[in-house]
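The lines below spell out each chain.
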Amino acid sequence: MAQLEIRIGNVTLKNPVILASGPAGYGAEYADFIGLEKLGAVVTKTISLNPKAGNSGRRLLETPSGLLNSVGLENVGADLFFGEKLPRLLELGAKPIVSLACEGREDYLKLLETVSGNDTVDMVELNLSCPNVDCGGMAVGTSPELLNWYVSSARQILPGRALLAKLTPNVGDIAGLAEVCQDAGADGVTAINTLLGMDIDPDTGKPIFDRVVAGLSGPAIMPVALRAVYEISSRVRIPVLGSGGITSVTDARKFLAAGAAGIQIGTAIFYDPGLPERIISAVTGAQQGKE
Ligand SMILES: Cc1cc2nc3c(=O)[nH]c(=O)nc-3n(C[C@H](O)[C@H](O)[C@H](O)COP(=O)(O)O)c2cc1C
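Structural notes, computed from the coordinates. Quick caveat: nothing in here was measured; it's all calculated off a predicted structure. (Residues numbered from 1 in each chain as written. Predicted model: local features only at pLDDT ≥ 70, side-chain atom pairs only at ≥ 80, totals over all residues. Heavy atoms only, no water.)

### Let's talk about the pairing of strand β14 (residues 262-265)
- Burial along β14 is two-sided: the residues Gly262 and Gln264 and Ile263 and Ile265 are all buried.
- In the sheet, strand β3 (residues 17-19) pairs with β14 via three bridges, with the strands oriented parallel. Bridge assignment links Val17 to a residue of β14, and that residue is Ile263.
- Chirality of the crossover, the property in question, places the unit of strand β13 (residues 240-243), helix α7 (residues 249-257) and β14 among those that are right-handed. (Buried < 20%, exposed > 50% of the residue type's maximum accessible area, 1.4 Å probe, protein only. Helix = DSSP H or I, 4+ residues; strand = E, 2+ residues; numbered from the N terminus. Pairing = 2+ DSSP bridges. Right-handed = clockwise from strand over helix to strand, strands pointing away.)

### Focus on the site of the ligand
- Contacts to the ligand come from 22 residues, most closely from Ser21, Lys45, Thr46, Gly245 and Thr267.
- In the environment of the ligand, an oxygen atom lies 2.8 Å from a nitrogen or oxygen atom belonging to the side chain of Lys166.
- The separation between an oxygen atom of the ligand and a polar main-chain atom of Gly218 is 2.8 Å.
- Relative to its unbound accessible surface of 610 Å², the ligand loses 96% to contact with the protein. (Near = heavy atom within 4 Å. Polar contact = N/O pair within 3.5 Å; in protein donor to acceptor, adjacent residues only side chain to side chain. Areas by Shrake-Rupley, 256 points an atom, 1.4 Å probe, with all protein chains shown as cover.)

### Description of the packing of aromatic side chains
- Applying the stated rule across the entire model yields six aromatic pairs.
- Relative to Phe81, the ring of Tyr26 lies with its centre 6.0 Å away and its plane at 50 degrees, an arrangement referred to as tilted. Of this pair, Tyr26 sits in the loop between β3 and β4 (41-43) while Phe81 is found in helix α1 (residues 77-91), placing the two residues 55 residues apart along the sequence. Each of the two residues, Tyr26 as well as Phe81, counts as buried.
- Between Tyr30 and Phe33, the ring centres sit 5.9 Å apart and the planes meet at 65 degrees, which makes this aromatic pair edge-to-face.
- Three or more aromatic residues link up through ring pairs in this structure, and these residues are Tyr26, Phe81 and Phe82.
- When the ring centre of Trp149 is taken as origin, the NZ or CZ atom of Arg105, which lies over that ring, is 4.5 Å away. (Phe/Tyr/Trp six-rings, centres within 6.5 Å; stacked < 30°, edge-to-face > 60°. Lys NZ or Arg CZ within 6 Å of the ring centre and 35° of its normal.)

### Focus on the nonpolar core
- With 79 residues, the main nonpolar core has Leu126, Leu128, Ile232 and Ile279 as its most contacted residues.
- In terms of residue count, helix α5 (residues 174-183) provides more of this core than any other element does, six residues in total.
- Sequence-distant contacts of Ile279, that is, excluding residues within four places in its chain, are made with Val17, Ile246, Ser248, Val249, Ala252, Ile263 and Ile265.
- Val11, Ala41, Ile97 and Leu164 belong to the second largest nonpolar core, which has twelve residues in total. (Core = buried A, V, L, I, M, F, W, Y, C linked by side-chain atoms within 4.5 Å. Contact = heavy atoms within 4.5 Å.)

### Some words on α7
- Restricting attention to buried positions, one finds in α7 the residues Val249, Asp251, Ala252 and Phe255. Projected onto a plane normal to the axis of α7, the buried residues spread over an arc of 160 degrees and lie on a single side.
- The elements touched by buried residues of α7 are α6 (222-235), β13, β14 and α8 (275-284).
- Just downstream of α7, Gly259 is the residue with a positive phi angle, here 120 degrees. (Arc of directions from axis to C-beta.)

### Brief notes about the pattern of salt bridges
- Applying the stated criterion to the full structure yields eleven salt bridges.
- Residue Glu91 is joined to Arg88 by a salt bridge in which the shortest nitrogen-to-oxygen separation is 3.1 Å. One end of the pair, Glu91, and the other, Arg88, are both in helix α1, three residues apart, so they sit about a helical turn from each other.
- Glu91 gets classed as exposed once you look at its relative accessible area, which sits at 61%.
- Residue classification places Arg88 among the partly exposed positions, given a relative accessible area of 38%.
- The residue Asp272 makes a salt bridge to Arg278 at a minimum N-O spacing of 2.8 Å.
- Accessibility expressed as a relative area gives 18% for Asp272, which makes it buried.
- In this structure Arg278 comes out as partly exposed when scored by relative accessible area, which is 22%. (Salt bridge = Lys/Arg side-chain N within 4 Å of Asp/Glu carboxyl O.)

This is the structure:
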């Protein structure tokens, strides 16, 4: 049997197959469809200090080879997350990675203090890359100075916890920004979040989404994600988790071959919730010939 465990900081995941933040909500929503306890980890929907209603207007649009979303970090906020959502996921036997919004500095520091006070969380992923919010998010992930501040603040306030930095592909040199995160104390990076896109209503000639731009995910972005993982993993020492357009066992293998220590599955679970378990079986060698 192949070596399955991966280590990020001082945390070991039992296998490299992880649910990406967002599509699976807080995890429990998928308990009837995916054996959550079999996964390496579940990255929970990004939370902010206070609840957020998300963006107005249309939020999802299918494209021929992907999905545009403008959810806008709708979430229940830290209190409800740590009080109800996270305990439920732990009850289900899943390994959580808690995704944190990187918005205004004051709220961000308070959010980190909240995490620091919760000893059931040993790994967090900083969402330095959401394209669908005005404050923080992708604006942080495109600036080396801001990236350094957000990652090093988390490193300082959460000294013993494993720290993942999730990067945006909407930059020139993603590997350079991964190095900034490594130098600021990240234990690993996740690449990539969604690519900026948009669509126009042909009848009105106006943008479909209220914020005009939206994030593109799904098969369309896999070549971009693969290139990012390849470049980053040749530049940093810390593990890289590949995210973007994985829809098959073969796709997962390509990410591992490109240098990823593990993979995250997002959009595909909307129509193929069996995929994560098929990838686990394939990479363990326990079950052959499904794909
Ligand atoms: C509906 C939807 C919501 C998402 N929400 C989040 C989120 O809250 N935090 C985050 O870091 N990424 C979020 N993402 C991005 C995914 O985690 C993932 O990085 C991206 O979609 C690329 O992977 P995929 O092509 O497998 O979906 C979201 C993606 C989708 C489609």
